[in-house]
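Residues per chain, in single letters:
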Amino acid sequence: MKKKIVFGSDHAGMNLKETLMDHLGHGYDIMDVGPSEKTSCDYPVYAKKLCTKVLELGCPGILICGSGIGMSIAANRIPGIRAALCSNEYMARMSRMHNNANVLCLGERIIGVDLARSIMDAFLCSSFEGGRHLQRIELMENMVQSC
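Residues numbered from 1 in each chain as written. Predicted model: local features only at pLDDT ≥ 70, side-chain atom pairs only at ≥ 80, totals over all residues. Heavy atoms only, no water.

Caption draft 1: Examining the sheet that holds strand 3 (residues 61–65) more closely. Strand order in this open sheet of five strands is 2-1-3-5-4, and the pairing throughout is parallel. Strands with a single pairing partner mark the edges of an open sheet, and in this sheet they are strand 2 (28–32) and strand 4 (83–85). Between one strand and the next, the sheet's axes are offset by a mean angle of 25 degrees, whatever the strand orientation. Where strand 4 and strand 5 (residues 103–107) come together, three bridges link them in parallel fashion. Within strand 5, the position partnered with alanine 83 by the bridge is valine 103. Packing against the sheet, helix 2 (residues 43–57) makes contact with strand 1 (3–9), strand 2, strand 3 and strand 5, and its axis sits at approximately 170 degrees to strand 1. (Pairing = 2+ DSSP bridges. Helix = DSSP H or I, 4+ residues; strand = E, 2+ residues; numbered from the N terminus. Axes fitted to C-alpha atoms, helices over the stretch in contact; angles between N-to-C directions. Contact = heavy atoms within 4.5 Å.)

Next comes the structure, spelled out in structure tokens:
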């Protein structure tokens, strides 16, 4: 059975999104929430679409914009989402292992294609360690609920 993954971007992240989806090839069941054209668009719309699918399907997601910052801010507004803006493989691994990140954010204008592939692979190949980290995740979730 193929692992599911959801991709989304804005106009500034479409090239990298397409490249990363091609990189994964046939090993994944890939869902693309858009956009499908490179016309200027609003990244929060696509962040919300992706996060909704990630929560519904229980699978990871990858969001890409020019810097990755806007997508990470927008995604982290959604309860249950832990989006990590990563610029190297170590950050990607640790975001999964210690923070149970379920969305990876990347900046097309910040990192090259080869590094983006390596970051995505590290993110997808890592898993949550649990243990003492679970308590921290629960504390973060309670912060959101109490606001």
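More follows now that the structure is in view.
Caption draft 2: The arrangement of a nonpolar patch on the surface in detail. Side chains of Ile69, Ile73 and Leu85 sit close together on the surface and give an oily, nonpolar patch of about 260 Å² of accessible area. Among the secondary structure elements, isoleucine 73 is positioned in helix 3 (residues 69–75). (Patch = residues over 30% accessible without salt bridge, like charges linked within 9 Å, V, L, I, M, F, W, Y side chains within 5 Å. Areas by Shrake-Rupley, 256 points an atom, 1.4 Å probe, with all protein chains shown as cover. Salt bridge = Lys/Arg side-chain N within 4 Å of Asp/Glu carboxyl O.)

Caption draft 3: Region of interest: the pattern of salt bridges. This model, assessed by the stated rule, comprises five salt bridges. For lysine 53, the salt bridge goes to glutamate 56, with nearest N and O atoms at 3.4 Å. In this pair, lysine 53 and glutamate 56 are both assigned in helix 2, three residues apart and thus about one turn of the helix distant.

Caption draft 4: Molecular detail of the environment of leucine 63. By secondary structure assignment, the location of leucine 63 is in strand 3. The class of leucine 63 is buried, set by a relative accessible area of 0%. Between the C-alpha atoms of leucine 63 and alanine 83, which are 20 residues apart in sequence, the distance is 8.9 Å. Each residue touching leucine 63, except ones within four places of it in the same chain, is listed here: Gly8, Tyr46, Ala47, Leu50, Met71, Ala75, Val103, Leu104, Cys105 and Leu106. (Buried < 20%, exposed > 50% of the residue type's maximum accessible area, 1.4 Å probe, protein only.)

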